[in-house]
Amino acid sequence: MTDKQAYNITVLGGGSAYTPGLVAGLLRLGDKLPLARLTLVDIDEHKLEVVGSLVRHMIETSGAAGASASGSSAGSVTARTQVTLTTDRLEGFRGADFVLSQIRVGGLKHRALDERIPNKYGVLGQETTGPGGFAMALRSIPVMLDVARDLQRVAPEAWLVNYTNPTGLVADALHRYESGCKVISICDMPMAVQFLVSKLLGMPMNALAVDYVGLNHLGWTRHIYHHGVDLMDQLHGMVVQLMQLGPAIKGMIPKELGIGDEKEIEEIMVILQMFHRLKVIPSPYLQYYYYKDETVKKQLEAGKTRAEVVMEIEKDLLGFYSEITRDKKPELWKKRGGDWHADMMMGLVAAIANDTHETYIVNVPNRGAVDGIKYDKVVEVPAVVGRDGARPLVVGRVESDMLGLMQVVAAYEELTVEAAVEGSREKALRALSIHPLVPSLDVAERILNDYLDAHREYLPAFSR
Ligand code: G6P
Ligand code: MN
């Protein structure tokens with residue numbers, strides 16, 4: 001049973017190419033999440049218009065199939081669902097029950113700089129891991145703190161579902177500096193790994209329970225339970241067999257798993273390689289630690305950064321979206337991100353709305369769940385989700401290799417958050433210089449100087 005007849009959901013950064021996929025997830029939820037109003041907020045009017053028109057079209061056409069003519073609650077997203085597009089954040093917050101944040105401060109242009117600058121010094125250039133994530137944190141955190149303040153002013157009861165990156169650091173900042181804000185931070189990666197595992201085992205995802213621990217983009221699946229039986233050894237045995245096939249596995253992925261996206265295929269390959277050798281399943285982002293040299297080498301050889309590739313993907317997608325809306329060509333439909341992206345974000349919203357107490361892997365303050373990590377540090381762990389938010393489940397002891405890496409990255413994250421809030425160059429340098437992927441204090445300083453310069457317009461706290 002839902003508390004309300006219908007909810008108002010606002011998507012901040014709603015002009016993103018991710019939004020249509022998100023709306024498709026919303027439609028899949030059916031009457032688990034009745035929707036009165038969907039508001040897309042974006043500062044980019046063009047993207048807002050293109051994506052907003054497609055979203056309107058999706059909702060109108062789904063309404064024809066799903067709406068109940070009598071006006072009873074059977075229809076979830078229906079032709080009566082109001083779709084509002086606005087560039088005014090406060091307008092989007094008024095009356096909202098849930099605000100989903102997917103903003104990218106500085107856009108892909110500044111992501112490209114995040115990635116390019118460390119590459120100049122032979123260091124990893126990645127959206128969220130290493131120096132790239134550090135720079136993104138400096139830009140995202142002040143804006144997200146403003147968002148949290150605005151939301152508390154205009155719609156204090158609303159839930160902020162955050163996946164603005166770097167999710168873990170943004171979550172830390174929100175819990176530490178805007179503790180009145182009702183926020184849960186999430187990432188689709190744990191669910192993507194769960195999807196892979198369920199495919200390999202040939203079992204439905206919801207039949208499996210996972211033992212997972214980490215920080216965002218730095219997590220490990222340690223056990224997989226089916227009716228209380230740990231299937232990890234069985235799964236490892238399967239993967240050992242699979243790895244004997246060598247590079248041929250890559251060709252099997254699209255057919256066996258239904259995944260055709262090149263980046264996702266590469267991620268699955270590297271997950272399998274790491275799992276094969278370590279007997280735990282690392283997040284694909286751990287490749288940057290377990291294969292430090294190899295991943296940097298690959299980047300330097302590629303010539304293009306991921307942000308530059310994504311710019312092309314986005315351009316194509318926006319083109320398709322306009323065409324679908326204009327010429328009604330549903331065959332052009334393509335989304336950004338796997339289905340689990342939307343299933344995770346929207347599933348979490350439905351779990352809060354319906355007080356389901358389902359388990360989701362989310363980013364929340366530790367509060368004693370993980371031994372050896374500070375009480376208030378945000379960790380990524382399974383949590384029970386309901387009307388009152390996310391309550392982390394006890395993880396307890398963590399193996400030394402994982403805990404050691406978590407602790408040093410947690411220290412880097414804590415200092416980075418303080419640097420972002422205080423505009424402290426000193427803390428920023430100390431944070432960056434202890435990051436495991438930064439080779440020296442000198443290199444840290446060069447990267448920091450370049451970032452402060454390149455992102456100046458987004459880092460007002462540092463020019464004060
Ligand atoms: C995954 C991560 C996100 C990240 C995205 C990057 O979905 O969980 O946090 O933003 O990948 O993908 P991209 O296609 O932009 O490189
Ligand atoms: Mn993520």
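Above this text you will find the structure in question.
Values in this document were obtained by computation on a predicted structure and should not be read as measured data.

## Focus on helix H13 (residues 306-327)
And step 1. Here H13 is 22 residues long and its end C-alpha atoms lie 31 Å apart, about the 32 Å a rise of 1.5 Å per residue gives.
And step 2. Within H13, burial applies to Ala307, Glu308, Val310, Glu314, Leu317, Leu318, Tyr321, Ile324 and Thr325.
And step 3. In the segment just after H13, Lys328 is the residue with positive phi, at about 50 degrees.

## Points about the coordination of the manganese ion (ligand 2)
Put simply, the ideal angle at a metal is 109.5 degrees for four donors in tetrahedral geometry and 90 or 180 degrees for six donors in octahedral geometry.
And step 1. Within the protein, the manganese ion (ligand 2) binds to Cys187 (SG) and His217 (NE2); these donor distances fall in the range 2.2 to 2.4 Å. One end of the pair, Cys187, is in the loop between strand E6 (183-185) and helix H7 (189-201); the other, His217, is in the loop between strand E7 (208-215) and strand E8 (218-226), with 30 residues separating them in the sequence. With respect to burial, Cys187 and His217 carry one shared label: buried.

## Considering the site of ligand 1
And step 1. As a matter of local geometry, ligand 1 sits amid 13 residues, with Arg111, Asn165, Asp188, Arg306 and Arg336 nearest to it.
And step 2. At 3.0 Å, a side-chain N or O of Glu127 approaches an oxygen atom of ligand 1.
And step 3. At 2.7 Å from an oxygen atom of ligand 1 is found a side-chain nitrogen or oxygen belonging to Arg306.
And step 4. About the coverage of ligand 1: the protein hides 90% of its 390 Å² of free accessible area.
And step 5. Split by residue class, the shell around ligand 1 holds 5 nonpolar, 2 polar and 6 charged.

## Looking at the pairing of strand E11 (residues 358-365)
And step 1. Extensive coverage of E11 is indicated by the burial of 6 of its 8 residues.
And step 2. Strand direction decides the pairing type here: E11 and strand E12 (residues 378-386), joined by 8 bridges, are antiparallel. Paired with Val364 across the strands is Val379, a residue of E12.

## Some words on the nonpolar core
And step 1. One finds Leu33, Leu100 and Val370 to be the most contacted residues of the largest nonpolar core, which totals 147 residues.
And step 2. A total of 11 residues in this core trace back to one element, the largest contributor, which is helix H14 (residues 339-353).

Each value, and the rule that gives it
- Counting of residues starts from 1 at the beginning of each chain's written sequence and follows it residue by residue.
- Numbering of ligands from 1 and lettering of chains from A proceed in the order in which they are written.
- Totals for whole chains, interfaces and linings use all residues, but because this is a predicted model, local features are given only for residues with pLDDT of at least 70 and pairs of side-chain atoms are given and counted only at 80 or more.
- Hydrogens and water molecules were not included; the side-chain quantities draw on all heavy atoms of the structure.
- Helix and strand assignments follow DSSP, with helices taken as H or I runs no shorter than four residues and strands as E runs no shorter than two, numbered in order from the N terminus.
- Helices are assigned an expected span. That span is 1.5 Å times one less than the residue count.
- Classification of residues uses two cut-offs on accessible area relative to the type maximum, computed with a 1.4 Å probe and protein chains only: under 20% is buried, over 50% is exposed, and between them is partly exposed.
- Only nitrogen, oxygen and sulfur atoms qualify as donors, provided they sit within 2.8 Å of the metal or within 3.2 Å for Na, K and Ca; with water excluded from the atoms, sites may seem incomplete.
- Proximity is defined per residue: any heavy atom of the residue falling within 4 Å of a molecule or strand makes that residue near it.
- Polar contacts, as counted here, are pairs of nitrogen or oxygen atoms within 3.5 Å of one another; within protein the pair requires one atom able to donate a hydrogen and one able to accept it, and residues that are adjacent in sequence qualify only if both atoms are side-chain atoms.
- In these tables, accessible area is a Shrake-Rupley quantity obtained with a 1.4 Å probe, and a residue counts as shielded only by the protein chains included in the view.
- Each residue gets one label: Ala, Val, Leu, Ile, Met, Phe, Trp, Tyr, Cys and Pro are nonpolar, Asp, Glu, Lys and Arg are charged, and the others, such as Gly, are polar.
- Paired strands are those between which DSSP finds at least two bridges.
- By nonpolar core is meant a set of buried Ala, Val, Leu, Ile, Met, Phe, Trp, Tyr and Cys residues that side-chain atoms within 4.5 Å join together.

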